[in-house]
Amino acid sequence: MTIQPIDPIVLREQFPALRRTINGQPAVFLDGPGGTQAPERVIEAMTGYLRSGSSNHGGPFQTSRETDAATDAAREAMRDMLNANRAEEIVFGQNMTSLTFSISRAIAQEWQPGDEIVLTRIDHDGNVSPWLRAAEDRGVTVRRLDFRPENCTLAIDTLPGLINEKTRLVAVNYASNAVGTINDVAKVVEMAHAVGALVYVDAVHYAPHDVIDVQALDCDFLACSVYKFFGPHTGVLYGKYEHLDRLNAYRVRPAGDIPPGKWETGTQSFESLSGVTAAIDYLASLGGQDGTRRERIVRGMKAIKQYEAILSERFLRAATRVPGIRVYGITDPEELERRTPTFAISLAGFSPEYVATYLGDRGFFVWHGHYYAVEVMARLELLESGGLVRIGFTHYNTYEELDRLIDVLIELAATAQ
């Protein structure tokens, strides 16, 4: 497979938001884990849909037919992105969290008191709270898969001791939105299926950084959010058709009982669905012009991963020059395959909020706090003290931006009392 190297300087021309300045300084978007910027083609696709006249779907007239076509195109695009077996396995919704609450309610109808589920301590709360509520409603026992605080890696070797013939579901994230750890989801699926349990994967943070193949993973469900990979605020749920067909959805009666429509509550954001297709076509464009869209997506995502690995190594080595900094999670440059370019840090003598504000005033956009990874911060005993600062690189960030960030952190560290 020939991978075309990423040239961020060229690609940045496609992202109008990257031209912003803050207090006379170029804005540096390091908040990608909370939401990425959109290329021009996504913006044009969304405004183009609205400009030409929008309509609800299913009508016998032109604008409605165009809405149907936009929806079908988005479903096919997501099928290619995730390598789903069929387009009907793709469900759209407001966001990953809303979709998870919806599907958890349906899945839990099959649970009985005495059943068990397994959640992890490294997940975003969007893959924790829905299952906690469902378990409480059904009288189901919740078990916890821990992670190792010293490097924030999931203790998958302990999973066999948590699952048994009573286990109905294992919920796990593909990558941690807090500390960047990539989990061995395929191994989790294998072990869970061995005892007859379903597996629900939160791929929100993983999706912008590497290839997803739901057929190879053999997961039962996988959720992601398009605004995390350069598109609009739309959530996506993949489910094996057999499950989407069997489960009883909470829905309005006219929605019918056939997937995916039975799971898509109310009217969708059709302008956003137009943006979904454009976002995936952008990713495919990074993989050249030859082959199917799926093949181009795979090459494009591999190119992103290669470039982001360089950014990660550069950051980890440069961070050693910042007095008082601590980087949580995997810090060995030889283990970059096990993490995304998302780094949770602390700086001695400063609160996370102060660090984020200091950087923000100088044009560096980063998050502080728990970023909804409540379990992670609680496990690290940082929840009550304000969490951490999160720096998230994407393929449109440059070496120069990274080097400037390190300089500003050194400047801040020098003011510590």
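Our subject is the structure listed above.
In every chain, residue numbers begin from 1 and rise along the written sequence. Residues qualify for local features only when their pLDDT is at least 70, as the model is predicted, and side-chain atom pairs are given and counted only at 80 or more; totals for whole chains, interfaces and linings, by contrast, use all residues. Excluding hydrogens and water, the side-chain figures rest on all heavy atoms present in the structure.

A. Structural context of the environment of Gly-261. Helix numbering and strand numbering both begin at the N terminus, where a helix is a DSSP run of H or I of at least 4 residues and a strand a DSSP run of E of at least 2. If you trace the backbone, Gly-261 turns up in the loop between α8 (241-246) and α9 (270-285). For Gly-261, a relative accessible area of 28% gives the class partly exposed. A C-alpha to C-alpha distance of 8.6 Å links Gly-261 and Glu-88, two positions 173 residues apart in sequence. Residue exposure (1.4 Å probe, protein chains only): buried if accessible area is under 20% of the type maximum, exposed if over 50%, otherwise partly exposed.

B. Representation of the packing of aromatic side chains within the structure. Whether two aromatic rings pair depends on their centres lying within 6.5 Å, for rings of Phe, Tyr and Trp, where Trp uses its six-membered ring; planes under 30 degrees apart make the pair stacked, over 60 edge-to-face, and the rest tilted. This structure, assessed with the given rule, holds 16 aromatic pairs. Among the aromatic side chains, those forming a connected cluster through ring pairs are Phe-15, Phe-230, Tyr-282 and Tyr-396. Cation over ring: Arg-86 sits above Tyr-241, and NZ or CZ is 3.8 Å from the ring centre. Our definition puts a charge over a ring when NZ of Lys or CZ of Arg is within 6 Å of the ring centre and also within 35 degrees of the ring normal. Above the ring of Tyr-358, the side-chain terminus of Arg-362 is found at 3.5 Å from the ring centroid.

C. View of the pattern of salt bridges. Whenever a carboxyl oxygen of Asp or Glu lies within 4 Å of a side-chain nitrogen of Lys or Arg, that contact is scored as a salt bridge. Under the definition given, this model contains 24 salt bridges. For Lys-240, the salt bridge goes to Asp-218, with nearest N and O atoms at 2.8 Å. Placement of the pair is Lys-240 in the loop between β12 (235-239) and α8 and Asp-218 in the loop between α7 (214-217) and β11 (221-225), with a sequence separation of 22 residues. Take Lys-240: its relative accessible area is 14%, and that puts it in the buried class. For Asp-218, a relative accessible area of 34% corresponds to the partly exposed category. The partner of Glu-313 in a salt bridge is Arg-317, and the shortest N-O contact between them spans 3.0 Å. Note that Glu-313 and Arg-317 are positioned in helix α10 (residues 293-319) at a spacing of four residues, about one turn of the helix. According to the relative accessible area criterion, Glu-313 is partly exposed, its value standing at 31%. Accessibility expressed as a relative area gives 45% for Arg-317, which makes it partly exposed.

D. Layout of the sheet that holds strand β4 (residues 90-93). A pair of strands counts as paired when DSSP detects no fewer than two bridges linking them. Ordered in space as β4-β12-β11-β10-β9-β5-β6, the seven strands form an open sheet in which the pairing is mixed. Of all strands in the sheet, those bounded by a partner on one side alone are β4 and β6 (141-145). With direction set aside, neighbouring strand axes in the sheet form an average angle of 20°. In the packing of helix α5 (residues 129-138) onto the sheet, the strands contacted are β5 (116-120), β6, β9 (167-173) and β10 (198-202), and the crossing angle to β5 comes to about 160°. Axis lines are fitted to C-alpha atoms, over the contacting stretch for helices. Their N-to-C directions set the angle, which ranges from 0 to 180 degrees. The contact criterion used is simple: two residues touch if any of their non-hydrogen atoms lie within 4.5 Å.

E. The arrangement of unusual backbone geometry in detail. Cis geometry marks the peptide bond from Pro-259 to Pro-260; its omega dihedral reads 0°. Despite not being glycine, Asp-218 has its phi angle at roughly 65°, a positive value. One non-glycine residue, Glu-381, lies in the positive phi region at around 60°. When you line up the elements, Glu-381 lands in the loop between α12 (374-379) and β17 (388-392).

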